[in-house]
Amino acid sequence: MAAGEARSGRKDNAEQLRKLVQAARSGQSRQKPAGETAAIPIARPKGELQALLSVQYPKSTLDEMALDAKIAARLRGILEQQSQRELLRSFGKVPSTRLLLAGPPGSGKTMTAAALAGELHIPLFTVRLDTLITRYLGETAAKLRLIFDHIATTRGVFLFDEFDAIGGDRGADNDIGEMRRILNSFLQFMEEETRSDSLIVAATNYPELLDFALARRFDDVVVYAMPDTKAARKVIERHLGLFRPRQLQWAKILPACEGLSHAEIARAVDDVIKRAILDGEAKASSAKLLAALRERASAKQALSGRREP
């Protein structure tokens, strides 16, 4: 009714109807006691899907991540669209459900998928590429069909990690016919009209390898970068927890984080905490944290074939 009023130019009536709908929904929602979280529905894949999908029930949130402010705002916009999806549909609009996350390893793409599932209180299904992609003609496309049927019938966040494995450029010199057919099938399934409330999240470390036709199939493309000093400090503070000392030598620690991903910084902090536990120490120290960060940076440079300065 609100959509019809809006199309007829009666915007005041449309706005009043919209407010009535929101008020009714607010009245129907149960106020939860402080600290209580909504139950996440159990939705375990069955049959052949058991080999294609792994399932988790995350409780993480976006606030727990050291996200860039602009990226956090865009992701919260996605969550708002999901919470108000019926209102959007009443005006003939479809909420965003297909996201492409691109950025270096350890920058938070997989954690973002988990946080979205946690915020929405729905399962996180991760597509297992090792069982999805086979060497038999047409078998992978058939398995993709099963996954997209599950997306349409079971609400969740469906993560295609390392997406460049199936979304690679069809014009690449090393491409083979079967991989082109797999990508074509994926593009067709993405184009299908559906009222599914699931989120499809594709993540890649190598966006330059993706086929040019993929971008327009996604509602939003979020590009991650290596953490700046503000994000690095947030990662360290969150992971230190009770082991955080009163003072840290940030002037030395933050420069040592340069070139390290969110995950690498977090692992360095975890190394320091485990060492403190084994040594019977109640707090971490700046010196040990600095040493752990430098060790991570040195190992990364060695693996990349670069010389240390």
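Everything below is about the structure shown above.
Everything numeric here is computed off the predicted structure, so don't read it as measured data.

1. A short note on the overall build of the protein
- Broken down by element type, the protein carries 14 helices and six strands.
- Expressed as a percentage of its 309 residues, the buried residues of the protein come to 41%.
- Carbon and sulfur atoms provide 52% of the accessible area of the protein, an area that totals close to 17700 Å².

2. Some remarks on the pattern of salt bridges
- Applying the stated criterion across every chain yields a total of 20 salt bridges.
- Of the charged contacts, one joins Arg98 and Asp219 as a salt bridge, the two residues approaching to 3.5 Å between their closest N and O atoms. Here Arg98 is found in strand E2 (residues 98–102), whereas its partner Asp219 is found in the loop between strand E5 (199–204) and strand E6 (220–223), with 121 residues between them in sequence.
- By relative accessible area, Arg98 is classed as partly exposed at 21%.

3. Regarding the side chain of Thr204
- Tracing the backbone through its elements, the reader meets Thr204 in strand E5.
- Relative accessible area serves as the criterion here: at 0%, Thr204 is assigned to the buried category.
- A distance of 3.0 Å separates the side chain of Thr204 from the backbone nitrogen of Tyr206, its partner in a polar contact.
- If we ignore the near neighbours within four places in the chain, the residues touching Thr204 are Leu100, Leu101, Ala102, Gly103, Lys109, Phe163, Asp164 and Leu210.

4. Here we look at the packing of aromatic side chains
- Taken as a whole, this structure holds eight aromatic pairs when the rule is applied.
- A centroid spacing of 4.7 Å and a plane angle of 15° characterise the contact between Phe125 and Phe158, whose relative ring orientation is stacked. With a gap of 33 residues between them, Phe125 in strand E3 (residues 124–127) and Phe158 in strand E4 (residues 157–160) connect regions that are remote in the sequence. For the pair Phe125 and Phe158, a shared accessibility class is recorded, and that class is buried.
- Aromatic pair Phe148 and Phe186: ring centres 5.6 Å apart, planes at 75°, arrangement edge-to-face. Taken together, the residues Phe148 in helix H8 (residues 139–153) and Phe186 in helix H10 (residues 177–191) connect sequence positions 38 residues apart.

5. Some thoughts on the sheet that holds E5
- The six strands are arranged E1-E3-E4-E5-E2-E6 in an open sheet whose pairing can be described as mixed. Among the strands making up the open sheet, the edge pair consists of strand E1 (53–56) and E6. Taken pair by pair, the neighbouring strands of this sheet meet at an average axis angle of 20°, ignoring direction.
- Across three bridges, the pairing between E3 and E4 is parallel. In the sheet register, Phe125 faces E4, and the bridge partner there is Phe158.
- With respect to the sheet, helix H4 (residues 69–83) is in contact with E2, E5 and E6, its orientation differing from that of E6 by roughly 150°.
- Sheet strands in contact with helix H6 (residues 109–120) are E2, E3, E4 and E5, and its direction is about 165° off that of E5.

6. Section: the side chain of Ser261
- Its location among the elements puts Ser261 in the loop between helix H12 (250–256) and helix H13 (262–278).
- Leaving out residues up to four positions away in the same chain, Ser261 has contacts with Pro105, Gly106, Ser107, Met226, Pro227 and Lys300.

7. Remarks on the environment of Lys59
- For Lys59, the position within the fold is in the loop between E1 and H4.
- Overall, Lys59 belongs to the exposed group, its relative accessible area being 72%.
- The spatial distance from the C-alpha of Lys59 to the C-alpha of Pro123 is 9.8 Å, given a sequence separation of 64 residues.

Calculation criteria
Just so you know, the residues in each chain are numbered from 1, in the order the chain's sequence is written. At least 70 in pLDDT is required for a residue's local features to be given in this predicted model, at least 80 for side-chain atom pairs to be given and counted, and no such filter applies to totals for whole chains, interfaces and linings, which use all residues. Neither water nor hydrogens contribute to the side-chain values; these are computed over all heavy atoms in the structure. By definition, any uninterrupted DSSP run of H or I lasting at least four residues is a helix, any uninterrupted run of E lasting at least two residues is a strand, and each is numbered from the N terminus. Working definition: with a 1.4 Å probe on protein chains only, accessible area under 20% of the residue-type maximum means buried, over 50% means exposed, and in between means partly exposed. Note on areas: these come from Shrake-Rupley sampling with a 1.4 Å probe, and a residue is covered only by the protein chains present in the view. Any Lys or Arg side-chain nitrogen located within 4 Å of an Asp or Glu carboxyl oxygen qualifies as a salt bridge. Under this definition, polar contacts are N or O atom pairs within 3.5 Å; protein pairs additionally need one hydrogen-donor-capable and one acceptor-capable atom, and for neighbouring residues in sequence, both atoms have to be side-chain atoms. We call two residues in contact whenever any of their non-hydrogen atoms come within 4.5 Å of each other. Here a pair means two rings of Phe, Tyr or Trp (six-membered ring of Trp) with centres within 6.5 Å. Their orientation is stacked below 30 degrees between planes, edge-to-face above 60, and tilted elsewhere. Each pair of strands is called paired provided DSSP finds at least two bridges between the two strands. Axis angles are defined between N-to-C directions and span 0 to 180 degrees, where every axis is a line fitted to C-alpha atoms and, for a helix, only to the segment in contact.

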